[in-house]
Amino acid sequence: MKKRLLVLLLSVLLFAGCAPKFQRLKQYDATFLTLFDTVTTIMGHAQSEEEFREQAQAVHDALLQYHELFDIYHSYEGMNNLKTVNDQAGIAPVVVDQKIIDLLTDCQDYETLTEGRVNVAMGSVLRLWHEARTRGLDDPRSAALPRKEALEAGKAHMALSSLVIDREASTVYLTDPEASLDVGAVAKGWALERVAAQSPAGLLISVGGNVRATGPKDDANTPWVIGVQDPKGVESYLHTLYLTQGSVVTSGDYQRTFTVDGVAYHHIIDPDTAYPSRLWSSVTISCEDSGLADALSTALFLLPQEEGQKLLDKTGAKAMWVAVDGTISYSPGFNEMIRT
C-alpha cells in the first residue's frame, strides 16, 4: 500500500549532515536496489571500507529474508511466504516462518489501534489499483480507473477477521477464498525495525524512505540530518530534521501515481471508499518503532488532523501534516526535531 520509490522520489532523503570528524573512522554509504521494490541506503562509520561493507551486507541480507517472506507477487523455492498464504485462501492453512506470524499479529493490533484504517486484508481492493496503476504506467494513453463494481465487490472481502493465526501450529489461514493479504502499509518499516535492533549502533538506514537510526553518527552523540521532501517538488525539501535514534516515515500523494483524464491517483487507499484519500498531500511520522511509524503514517494520511492527533497521543509519536494547499501543521514536539 505504500512507497515503492525511485531514487529521486524518496519521501525522506538522506543528508550527510555536519559533524566532527571521527578519530580514525570514516563515513561510508551503500545502496541496494533489491529490497521491497525500492531503494535501500545505509550510512555509517567504520575504520575501513571493508568493515563497513560487511555491516551493510549483513543489513541487506537480513532485510532480503523479510522481503521474500512478505512478498505477495513472487514465490521462492523452499519457502512459504505471503503469496503462498493468499494462494491457499479458503483452501488450507499454511505453515509459515515465525516472522510472518509476528508481523501479522502486530498487523491485527495496528488494525485495532487505527480502527480499521490500517488493514492488511485489503488485498482484494489494492490488487485492482495495482493492476490499474501498472497498466496506466505502461501505456498512459489507455490509463483507466478500476471499475466501481469491481471495487465494491472487493470491499466485501476485506474483513481481517478472516485471518486465522495458529501460533502453536505455526500456520496462517484466510478463511475467505476471495480475501488476500497486502502488507505494503507496514512491511518495510516493520522489517527495518527488526533488522535495526540487531545492527551495530550508529547506522542510518533508509528503505524506500522509511528511515531508521540505530544511534548517533559518532561518539560525540552527533545526530544524523535527514530531509523531508516537499510534495510539490522532487528536488526540494520542507525541512531538515535531526534524528539520533528511532524512525521517520512519510506517506505522500506524490508516490506511485498514475494519471487518468488529467487527474493523478496515488496508492494510499481509504478502506471506506476504496479510492485514494484526498485529505493530505503528505504526513510525516517520528517515533521510536519504525513499524508503528509506518502504520501511523498511513492512518494519519486517511484521518482528519484531530482524529490523527488522538492516535499520536496514544502512541507517543509526533507528526507533521502537509495539506493539499501546502499548509503545514505540527503535533506537539515535532518542532524540536527541525534543523532548518
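Preceding this paragraph is the structure being described.
Residues numbered from 1 in each chain as written. Predicted model: local features only at pLDDT ≥ 70, side-chain atom pairs only at ≥ 80, totals over all residues. Heavy atoms only, no water.

Some points on the sheet that holds strand 4 (residues 94-95)
Heads up, the condition is: A pair of strands is labelled paired if DSSP reports no fewer than 2 bridges between them. Secondary structure elements follow DSSP: runs of H or I no shorter than four residues count as helices, runs of E no shorter than two count as strands, and numbering proceeds from the N terminus. Any pair of residues with heavy atoms lying within 4.5 Å of one another is described as a contacting pair. What counts as an axis is a line fitted to C-alpha atoms, over the stretch in contact for a helix, and the angles between N-to-C directions run from 0 to 180 degrees.
The strand order across the open sheet built from 3 strands is 4-6-5, with neighbouring strands paired in antiparallel fashion. Edge positions in the sheet fall to strand 4 and strand 5 (163-166), since each has one partner strand and no second. Of the pairings in the sheet, the one linking strand 4 to strand 6 (residues 171-174) comprises 2 bridges and is antiparallel in character. Of the residues in strand 6, the one forming a bridge with V94 is V172. Of the strands in this sheet, strand 5 and strand 6 are in contact with helix 3 (residues 98-113), which crosses strand 5 at around 130°.

Details of the pattern of salt bridges
This is how the line gets drawn: The term salt bridge refers to a pairing of a side-chain nitrogen on Lys or Arg with a carboxyl oxygen on Asp or Glu at a separation within 4 Å. The rule is simple: take the accessible area with a 1.4 Å probe, protein chains only, and divide by the maximum for that residue type; under 20% is buried, over 50% is exposed, in between is partly exposed.
Counting across every chain of the model gives 10 salt bridges. Between R53 and E49 there is a salt bridge whose closest N-O contact spans 3.2 Å. Taken together, the residues R53 and E49, both in helix 1 (residues 49-70) and 4 residues apart, mark about one turn of the helix. Here R141 and D139 are joined by a salt bridge, their closest N and O atoms 3.9 Å apart. Judged by its relative accessible area of 30%, D139 is partly exposed. Look at the salt bridges and you will find they share partners, linking R117, D270 and D272 into a network.

Structural notes on the sheet that holds strand 3 (residues 38-46)
Taking strand neighbours across the sheet as the criterion, the 8 strands line up as 2-3-7-8-11-14-15-16 in an open arrangement whose pairing is antiparallel. Looking at the sheet topology across the chains shown, the edges are occupied by strand 2 (26-35) and strand 16 (328-330). For this sheet the average axis-to-axis angle between neighbouring strands, irrespective of direction, equals 15°. In the sheet, strand 7 (residues 204-207) pairs with strand 8 (residues 210-213) via 4 bridges, with the strands oriented antiparallel. Bridging across to strand 8, S206 finds its partner in V211. Packing of helix 7 (residues 290-301) onto the sheet brings it into contact with strand 8, strand 11 (246-252), strand 14 (280-287) and strand 15 (318-323), and relative to strand 14 it is tilted by some 155°. Contacting strand 14, strand 15 and strand 16, helix 8 (residues 305-315) crosses the sheet at an angle of about 165° to strand 15.

A few points about the packing of aromatic side chains
The line we're drawing: Ring pairs are drawn from Phe, Tyr and Trp, using the six-membered ring of Trp, whenever the two centres fall within 6.5 Å, and their geometry is named by plane angle: stacked under 30 degrees, edge-to-face over 60, tilted for the rest. We call a charge positioned over a ring when the NZ of a Lys or the CZ of an Arg lies within 6 Å of the ring centre and within 35 degrees of the ring normal.
Inspection of the entire model under this criterion finds 10 aromatic pairs. Plain terms: the ring middles of Y66 and F70 are 5.7 Å apart, the flat faces sit at 50° to each other, and that makes the pair tilted. On the criterion of helical spacing, the pair formed by Y66 and F70 is a turn pair, its members being 4 residues apart in helix 1. Taken individually, Y66 and F70 each receive the classification buried, so the pair is uniform in this respect. What links up through ring pairs into an aromatic cluster is the set W129, F258, Y265 and Y275. If you follow K99 out to its NZ or CZ, it ends over the ring of Y66, 5.9 Å from the centre. Above the face of the Y265 ring, R278 is positioned so that its terminal group lies 5.2 Å from the ring centre.

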